[in-house]
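# Structural overview
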Amino acid sequence: MSPDYVGYGYAALIASGGAIGYIKARSTPSLAAGLLFGGLAGFGAYQISNDPKNIWVSLATSGALTVVMGKRFYGSRKFMPAGLIAASSLLMVGKLAMTLLQKPQES
């Protein structure tokens, strides 16, 4: 069982984005959402590290962020921060879907 480095990096990106939003704009909702979703993504990465087929928390978190931030990006057309989070979340959904679709390895 190897650590899910991509998942942990994604969680750090989400949490740090919320912290940066708070520092730059004093946006408490950005801080709360960043820490909540970053914490959920980190928990999901922990679960994947222990059982590679247990992707559901990570998939729900990245799927929700893809939809929410994708809608914000579509409305504003500003890449930072909505486009970056939507794109990274979509990549994470793709990574998790590939994990789900892989055939089980025979031992």
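Figured I'd write up the structure that's included with this text.

Procedures and definitions
- Residues numbered from 1 in each chain as written.
- Predicted model: local features only at pLDDT ≥ 70, side-chain atom pairs only at ≥ 80, totals over all residues.
- Heavy atoms only, no water.
- Helix = DSSP H or I, 4+ residues; strand = E, 2+ residues; numbered from the N terminus.
- Rg over C-alpha atoms; globule rule 2.2 N^0.38 Å.
- Contact = heavy atoms within 4.5 Å.
- Core = buried A, V, L, I, M, F, W, Y, C linked by side-chain atoms within 4.5 Å.
- Buried < 20%, exposed > 50% of the residue type's maximum accessible area, 1.4 Å probe, protein only.
- Expected span 1.5 Å × (residues − 1).
- Salt bridge = Lys/Arg side-chain N within 4 Å of Asp/Glu carboxyl O.
- Phe/Tyr/Trp six-rings, centres within 6.5 Å; stacked < 30°, edge-to-face > 60°.
- Lys NZ or Arg CZ within 6 Å of the ring centre and 35° of its normal.

Quick look at the overall build of the chain now. Along its length, the chain carries four helices and zero strands. Traced from its N-terminal end to its C-terminal end, the chain shows the element sequence α-α-α-α. For 107 residues, the compact-globule formula gives about 13 Å, and the C-alpha radius of gyration of the chain, at 14 Å, lands near that figure. Across the chain, every contact between residues at least 6 apart in sequence was considered, and the portion connecting residues at least 24 apart equals 59%.

Let us look at the nonpolar core. Across soluble globular proteins, nonpolar side chains show a tendency to be buried alongside one another. By size, the foremost hydrophobic cluster in this structure holds 13 residues, and its most contacted members are Tyr10, Ile14, Leu65, Met69, Ile85 and Leu96. Looking at which element gives the most residues to this core, the answer is helix α4 (residues 79-101), with five residues. Dropping the residues within four chain positions of it, leucine 96 is found in contact with Ile48, Ile55, Ser58, Leu59 and Ser62.

What follows concerns helix α2 (residues 28-50). The terminal C-alpha atoms of α2, which comprises 23 residues, lie 33 Å apart, in line with the 33 Å expected from a rise of 1.5 Å per residue. Among the residues of α2, Gly34, Gly38, Ala41, Gly42, Gly44, Ala45, Gln47, Ile48 and Ser49 are the ones counted as buried. Taken together, the buried residues of α2 touch α1 (5-25), α3 (56-76) and α4.

A full pass over the atoms with the stated rule returns one salt bridge. The closest approach of N and O atoms between aspartate 4 and lysine 95, which form a salt bridge, is 3.4 Å. With a gap of 91 residues between them, aspartate 4 in the segment before α1 and lysine 95 in helix α4 connect regions that are remote in the sequence. Owing to a relative accessible area of 27%, lysine 95 belongs among the partly exposed residues under this scheme.

A few words now on the packing of aromatic side chains. Within this structure, the stated rule accounts for zero aromatic pairs. If you follow arginine 26 out to its NZ or CZ, it ends over the ring of tyrosine 22, 5.4 Å from the centre.

What follows concerns the environment of lysine 71. Its location among the elements puts lysine 71 in helix α3. Overall, the relative accessible area of 67% leaves lysine 71 in the exposed class. Along the backbone, lysine 71 and glycine 83 are twelve residues apart, and their C-alpha atoms lie at a distance of 9.3 Å.

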